[in-house]
Amino acid sequence: MSWRSTSVGFMVVGVVVALVIPVFATPRPVSQVNLASDQTLRMVIREPTSMDPNLAGDHSIWYVDQVFEGLYKILDDGNVRWLGAKSMEISKDGLTWTFRLNPAARWSDGKPVTASDYEWSWKRAMDPKLASDVASFYVAIKGADDYISGKLKDSSQIGIKALDAYTLQVTMAEPAPYFRAVAGLTYLYPVPRHVVEKYGDKWTEAGNIVGNGVFTMQSWKHDQEMVLVRNESYWGKRPTLQKVIFRIAPAGELCGADFRAYEANETDFAMCVPTADIDRVMRHPQMSKELTAELLSASQFLVFDTGRAPWNDARVRQAFNLAIDREKVVRALSRGLFKPTKVLVPPGIQGYDPGHALQMTAADAGRLLGEAGYAGGRGFPDFKLTAPDIRGNRTLAELLQQMWKETLGVTAQIEIMEPKAFSAWRSARKNQPFDMYTRGGWWSDYEDPTNWYNIFFVDGWLNSHWQHEQFLQLVKAAAPELNKAKRIALYDQADRILERESPTIGLWYFTDYWMRKPWLKDLQHTRILGFFWLRDAVILAH
Amino acid sequence: MRGYVLRRLLALIPTLLLIYTIVFFLMRATPGGPWDETGTRPVFPEVKANLMKKYHLTDPLWKQYVDYLAGALHGDLGPSYRQRGRTVNEIIADFFPISLRLGLAAMAVAIGCGVPLGFLAAVRQDTRVDRGLMFLAVIGISTPSFVVATVLIVVFGVYLRWVPTSGWAGLLSRQALIPVFALALWPLAAVARYARSSMLDVIRADYVRTAKAKGLRELAIVVRHAAKNALIPVVTIAGVYLAFVVTGSFYVESVTGVPGLGRYLVLSISARDYPVIMGTTLLLAIIVMVVNLIVDLSYALLDPRIRYE
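Residues numbered from 1 in each chain as written. Chains lettered and ligands numbered in written order. Predicted model: local features only at pLDDT ≥ 70, side-chain atom pairs only at ≥ 80, totals over all residues. Heavy atoms only, no water.

As recorded in an unreviewed UniProt entry, chain B goes by the name ABC transporter permease, listed as coming from Candidatus Segetimicrobium genomatis. Check the Subcellular location (unreviewed entry) section of the UniProt entry for chain B; it says "Cell membrane". Here chain B is described in UniProt, under the heading Sequence similarities (unreviewed entry), as follows: "Belongs to the binding-protein-dependent transport system permease family." (UniProt positions renumbered as here; feature names shortened; annotations may be inferred.)

> Explain the confidence of the model for chain B to me, please; I cannot follow it from the model alone.
Reading predicted coordinates in detail is not appropriate for stretches of low pLDDT. Here chain B shows a mean pLDDT of 88. Residues at 70 or above account for 98%. For this predicted complex, the interface confidence comes out at an ipTM of 0.84, alongside a pTM of 0.88. (pLDDT = per-residue confidence, 0-100.)

> Even after reading the chapter, I still don't get the state of the cysteines, so can you show me in this structure?
All names here are of chain A. Under the definition given, this model contains one disulfide over all chains. A sulfur-sulfur distance of 2.1 Å marks the disulfide that ties Cys255 to Cys272. Between Cys255 and Cys272, the S-S torsion sits near -90°, and that sign places the bridge as left-handed. On the criterion of sequence distance, the pair formed by Cys255 in helix H7 (residues 254-263) and Cys272 in the loop between strand E11 (269-270) and helix H8 (275-283) is long-range, its members being 17 residues apart. By relative accessible area, which is 22% here, Cys255 ends up partly exposed. (Disulfide = S-S within 2.5 Å. Helix = DSSP H or I, 4+ residues; strand = E, 2+ residues; numbered from the N terminus. Buried < 20%, exposed > 50% of the residue type's maximum accessible area, 1.4 Å probe, protein only.)

> Whenever I open this one, the environment of Gly167 of chain B confuses me. Can you help?
Residue and element names in this part refer to chain B. With respect to the helices and strands, the residue Gly167 is situated in the loop between helix H6 (145-159) and helix H7 (177-203). For Gly167, a relative accessible area of 9% puts it in the buried group. Distance in space between the C-alpha atoms of Gly167 and Ala72 is 32 Å, their sequence separation being 95 residues.

> How should the domain arrangement of chain A be read in this particular structure?
Where interface size is given, it is often the accessible area lost as the parts come together that is meant. All names here are of chain A. Segmentation of chain A into domains returns domain 1 (47-248) and domain 2 (295-369 + 380-511). Each partner contributes residues to the interface: domain 1 has 11 residues there, and domain 2 has 10 residues. Interface of domain 1 and domain 2: buried area, both sides summed, is about 780 Å²; carbon and sulfur atoms make up 71% of it. Run the count over domain 1 and domain 2 and you get zero salt bridges. A class-by-class count of the residues in the side of domain 1 that touches domain 2 yields eight nonpolar, one polar and two charged. (Domains from an automatic or database assignment. Contact = heavy atoms within 4.5 Å. Buried area = accessible area lost by both parts, 1.4 Å probe. Salt bridge = Lys/Arg side-chain N within 4 Å of Asp/Glu carboxyl O. Nonpolar A, V, L, I, M, F, W, Y, C, P; charged D, E, K, R; others polar.)

> Got a minute to help me understand the layout of surface pockets in this structure?
The rolling of a water-molecule-sized probe over the atoms marks out the regions of remaining empty space. All names here are of chain A. Each pocket or cavity is described by its volume, and for the second largest pocket that value is around 840 Å³. Taken together, 33 residues form the lining of the second largest pocket, with Ile74, Arg180, Ala181, Gln350 and Glu447 sitting closest to its centre. Listed by contribution, the elements that provide at least two residues to the lining of the second largest pocket are strand E2 (72-74), helix H5 (179-182) and helix H17 (484-501). Residues of the lining of the second largest pocket, tallied by class, amount to 17 nonpolar, seven polar and nine charged. Mapping the lining of the second largest pocket onto the domain boundaries places at least three of its residues in each of domain 1 (47-248) and domain 2 (295-369 + 380-511). (1 Å grid on protein atoms, 1.4 Å probe; cavity = no way out; pocket = protein on both sides within 12 Å on 5 of 7 lines; lining within 4 Å. Points joined across faces, edges and corners; volume = space filled by probe spheres on them.)

> When you look at the interface of chain B and chain A in this model, what are you seeing that I'm missing?
Contacts between the two partners involve 51 residues from chain B, matched on the other side by 56 residues from chain A. Here chain B and chain A share an interface that buries about 4,200 Å² over both sides, 52% of which is from carbon and sulfur atoms. Here chain B is connected to chain A by five salt bridges. Notably, a salt bridge pairs Asp223 of chain A with Arg263 of chain B, separated by 3.0 Å at the nearest N-O pair. Taken together, the connections running from chain B to chain A amount to 17 residue pairs in polar contact (both at pLDDT 80 or more). For the side of chain B that touches chain A, the secondary structure elements donating two or more residues are helix H2 (45-54), helix H4 (88-123), H6, helix H10 (250-256) and helix H11 (261-270) of chain B. Tallied by class, the residues present in the side of chain B that touches chain A amount to 22 nonpolar, 15 polar and 14 charged. (Polar contact = N/O pair within 3.5 Å; in protein donor to acceptor, adjacent residues only side chain to side chain.)

Here it is as structure tokens:
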């Protein structure tokens, strides 16, 4: 069940929503004189689980993004950088989306990228036989749900049509403004049909793989090294970088391997600093200048089971919320590099407003708990905080335990679980009681409020058992709303209720700790899932 | 002798079947499945259903049990769930040789250095040499290999920059130095201690005293007469370490970035990648059993009194 299927139909007044989005100017060129003669970027990555855009749903998307490109990319400032498409039009009723493709776009073997490539790829991603977990990004499209679940066998019934070589028409099941944020994601990048059909499962191996991005894969020794080189037949501005060497490190030790290689000057860019090394880096005269905390559209939060006492009383939840010293938590876990927040959703998501946070202080926490009948924590039932053993949750749980003890006089039990066991436990909370949990946070998959409010509370994915009628009505109405201002207003109203009621407690926004050598310039970070955009990066002489 | 080897090999079959059965049911009894969310994104129920169907996890348990076994007997260990498009056979073919080479190199270092050092300590019993060597051996045994690897990387990789901080470029490369040494240290120390105590027993034996009385040089006595008998306990312990080391050390492989099988097994467990867990476990079981057999057979070579019928 997806959030759309539960959203109420909303009549759309005749508003023409023809999106006219300015072409985003490419960043200023760095003077040619300063460039290093060897434009090779070296970095450490994790082994991709797949280089197939129709399958890659985890960290692999970062590397897929270098070898392939989609219709467009939405940058952090909200601007669209057109890539495979030149323009997009949406019909008045919001149901028909027409993408005009860029006729200059080529596969790296010289064949043109056509609308039927997109049509074939998108249907492939949904194919139950491929069983790809990125299929969930297509559910807004007419017929997608049924095709994915196997109810619909005939793929021509899906609302994706190549009208001609360079026109792609997509029909939605119902208005889905959020698709604008989805259509540019890696999960919707095209794959070369002629290559996939020729090599089957092995089409992504070096030697076979054909992409349409600014780089092509030169070699891939599994779990050791992947080398990308500039795609000289790319249709647009080619990157300055000629070569990218990914050294592949094991998942368990990635952060340490990444940072040590950087410190030993073996790499130009590191995407991680082990927590234990942050202090040293910050004190170091040179390395402190190379470290940046890049904000992600991602937050960490606590979830209550609001379906039962004492958590069904908003005052209890508010008291627990107010008793948390977020600055202290963030200092302990990230040496202050995460960004504390009192609200759930991150900047960039409509509805976000730090002003919606509870306007009270820790001093009010005890009073609220007293009003709920537990003055000084007396008579408060035993309760448990459950969390998976990832991302500092153990420390977090202990800090919270201590803060609640001191401020509210209540004692939390802590249960830390192995990550997969936690997932199974959490899924089973759909119809079962619990007290509270925290997980590994939530990363926006795309920058749209449906990715937060609707998935969390309408689909009920959080299993918080929070049934606030007014809130649910607002977010259900907002999801298909085509009028942008109206949509923002609805989500804004919903967010006020959410923060006042505190069924969840926002703790911090995650950041990527990036280290860039002084000679690496113009490497952009995107706050959606922390992509690194190598296409504009340059290496200065050093 | 031939009959003995045959019997031992036949005994592998019920043992492997038992291991297969235990691992099969233990994996499925562990909470959390291969497609329970691990990242931040929910896996849609329809998609999960498709995945379950694709990999035959919707079949009845007995059928899964039989089907996988049948496949394994035909040499097909199944697809990896996590690494789309790769099979367990390919993963083993890629990674096992690396673990094997690394392990053999580490054992060569461990035995090559451990035995002479142990013998030296025995011959110089209760001198400074002996105490110094045994002190180092205790440190070697009690320091976990990942600590050794990390310290070596920080010192020789980050500060001195003599070797790369991680990665793999074959056994005959600078990258291999740290993993080989980190992996060798523990067995080296253990082998040295066993070699010492075993040599101490032997040099008190009558025939050694006779050799001394006849005026043979100490070195000749130790090398030509005592060493062979002193090696039997060492071979036993080296066999145990060999099986342990060639099947890959998760910690050393992870810290030093060596793409070996040990690290793969651990990652596949946390991903609930059933075929990879099963395939690698069976492979490791076979190796341990075969190494044990080789150790037993080597006793006969070292000691003519031992015969296998």
